[in-house]
Amino acid sequence: MSKDKDKNLTRKLVRQHIIDLDPYKPIVPLDMISELIGIPVSKLIKLDGNENPYGCSPRVNVALTNCNAYHIYPDSSYQTMCKLLERYVGVDSENIIVGSGSDELIDLILRLYLEPDDEVINCGPSFGMYPYCTAVNNGKLVEVPRDALYNVDIAAVKEAVSKRTKVIFIASPNNPTGNVTPEKDILELLKMGIVVVVDEAYFEFYGISMARLVEKHENLIALRTFSKWAGLAGLRVGYGIFHSNVIEYLNKIKPPYNVNVAAQIAVVESLADIDYLMGTVNAIKKEQARLIEKLNEQGILKPIPSVANFVLCNAPEGKAREIKELLESAGIFVRYFDTLQLKDMIRISVGKPEHTDALIEALHRIGGASND
Ligand SMILES: *Cc1c(COP(=O)(O)O)cnc(C)c1O
């Protein structure tokens, strides 16, 4: 009886920008889909999350099984992890802050800089968390679309900067387009004195980072993650490289125990097993070349070049959704976009060779069916 009344009361009390917020659309969990389409989870082929199909380092599984410290809070300064990252990244451990995925750091950065209605520049098509976290933090999103080849339009970004612009997000390699923004372009933007966040979630697939420049440029932030290359997406651990002046304030607002003990152990073991993990990265890169070749040969989905672990493809006009759904009923999951900037496009994460074969085979059947 009081349900409507409660809802109205809540509506009156909740902050207006949260009431207006579009929720983030996460990937549907596999077990739910499995039930929906009647194919067991073990048979599903998941190419929609840019995850590592080989999983994490086996050392992680052993260490987590043997851990007897789950009842103890983690070290809130995460010194062990930051010291190991110091060596891995090549920057001082004092310049590193870890997060519950780099997603958390995106939010923390915006909390640090945004007053209500301050502006954030997004160069779409790009990662959905930038617009989403901007809205959560009551900022104003300013879209500066990429050009026809998905390069960031540096001149347009500079023109879009106003007195209220605080942060510019640039994913490089970019998700979902797979291309990079050259260092000289980022340096050009840094001159404007606004925070430039270079999101390097796919660094390990590309190999070039701007992290070493953070010490020289107070307004440069580099973000990294263990989700994509290290197979730890489910444990949620990322990190950022920040100038020491920024670290001081960021540490004030960072939740003290934001990375859990299991994730911490997983990072230690992953960084002790880099050769193994980079072996899987190389297998993914090799498979990417084969996937692109097969798709081109077949001619239904047309891939565009990518230096990350996924490929964005053009589908025949008006067919992207249908292809996505037909693949889904065959147990193969890809990411389909339905925006003005990404019309008729599908993003495919690179899987194992057998995943590529199943995808090509399913596309072949679909191609045949729609010709009938
Ligand atoms: C996947 C992804 C992330 C998220 O990483 P988490 O560490 O899992 O939160 C961040 N940025 C980009 C561009 C991504 O594609």
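The model shown is predicted, which means the values in this text are computed figures rather than measured ones. (Residues numbered from 1 in each chain as written. Predicted model: local features only at pLDDT ≥ 70, side-chain atom pairs only at ≥ 80, totals over all residues. Heavy atoms only, no water.)

## Structural notes on the overall build of the protein
Thought 1: Within the protein, the regular secondary structure consists of 15 helices and 12 strands.
Thought 2: On C-alpha atoms alone, the protein measures out to a radius of gyration of 21 Å, which is about the 21 Å that the 2.2 N^0.38 rule sets for 372 residues.
Thought 3: In terms of overall dimensions, the protein has C-alpha extents of about 65 × 60 × 50 Å along its principal axes.
Thought 4: Here the protein holds 372 residues, and 49% of them are scored as buried.
Thought 5: Of the contacts formed within the protein by residues at least 6 apart in sequence, a portion of 72% connects residues at least 24 apart.
Thought 6: Accessible surface for the protein amounts to roughly 18300 Å². Of this, 53% is attributable to carbon and sulfur atoms.
Thought 7: Of the charged side chains in the protein, 41 are positive and 48 negative; the average position of the first set lies 2 Å away from that of the second. (Helix = DSSP H or I, 4+ residues; strand = E, 2+ residues; numbered from the N terminus. Rg over C-alpha atoms; globule rule 2.2 N^0.38 Å. Buried < 20%, exposed > 50% of the residue type's maximum accessible area, 1.4 Å probe, protein only. Contact = heavy atoms within 4.5 Å. Areas by Shrake-Rupley, 256 points an atom, 1.4 Å probe, with all protein chains shown as cover. Lys, Arg positive; Asp, Glu negative; His and termini not counted. Charge placed at Lys NZ, Arg CZ, Asp CG, Glu CD.)

## Regarding the pattern of salt bridges
Thought 1: Tallying each qualifying case throughout the model produces 20 salt bridges.
Thought 2: Note that Arg365 is salt-bridged to Glu361, the shortest N-O span being 3.5 Å. With a gap of 4 residues between them, Arg365 and Glu361 both fall in helix α15 (residues 353–371), about one helical turn apart.
Thought 3: On the basis of relative accessible area, Glu361 is assigned to the partly exposed category, the value being 43%. (Salt bridge = Lys/Arg side-chain N within 4 Å of Asp/Glu carboxyl O.)

## Brief notes about the pairing of strand β5 (residues 165–171)
Thought 1: The buried fraction of β5 is high, at 6 of 7 residues.
Thought 2: Looking at chain direction, strand β3 (residues 119–122) and β5 are connected through 4 bridges and run parallel. From the neighbouring strand, Ile121 faces β5, where its bridge partner is Ile168.
Thought 3: Summarising the sheet, β5 and strand β6 (residues 195–199) pair through 5 bridges and their orientation is parallel. Bridge pairing in β6 places Ala171 opposite Asp199.
Thought 4: Tracing the backbone out of β5, into helix α9 (residues 183–190) and back to the parallel element β6 gives a crossover that is right-handed. (Pairing = 2+ DSSP bridges. Right-handed = clockwise from strand over helix to strand, strands pointing away.)

## Some words on unusual backbone geometry
Glycine aside, residues mostly have negative phi angles, and peptide bonds mostly take the trans form.
Thought 1: Along the chain, Gly124 connects to Pro125 via a cis peptide bond; the corresponding omega equals 0°.
Thought 2: Structurally, the position occupied by Pro125 is in the loop between β3 and α7 (129–136).
Thought 3: Even without being a glycine, Tyr150 presents a positive backbone phi close to 65°.
Thought 4: Note on placement: Tyr150 falls in the loop between β4 (140–143) and α8 (154–160).
Thought 5: Even without a glycine there, the phi angle at Asp344 is positive, about 55°.
Thought 6: Along the chain, Asp344 falls in the loop between β11 (332–337) and β12 (345–349).
Thought 7: Look at Asp344 and you get buried, because its relative accessible area is 18%.

## Let's talk about the domain arrangement of the protein
Thought 1: According to the domain assignment, the protein consists of domain 1 (3–54 + 275–371) and domain 2 (61–273).
Thought 2: Summarising the inter-unit geometry, the C-alpha centres of domain 1 and domain 2 are found 23 Å apart.
Thought 3: The partner domain 2 presents 31 residues to the 31 residues of domain 1 that form the contact.
Thought 4: Carbon and sulfur atoms supply 65% of the area buried between domain 1 and domain 2, which totals about 2400 Å² over both sides. (Domains from an automatic or database assignment. Buried area = accessible area lost by both parts, 1.4 Å probe.)

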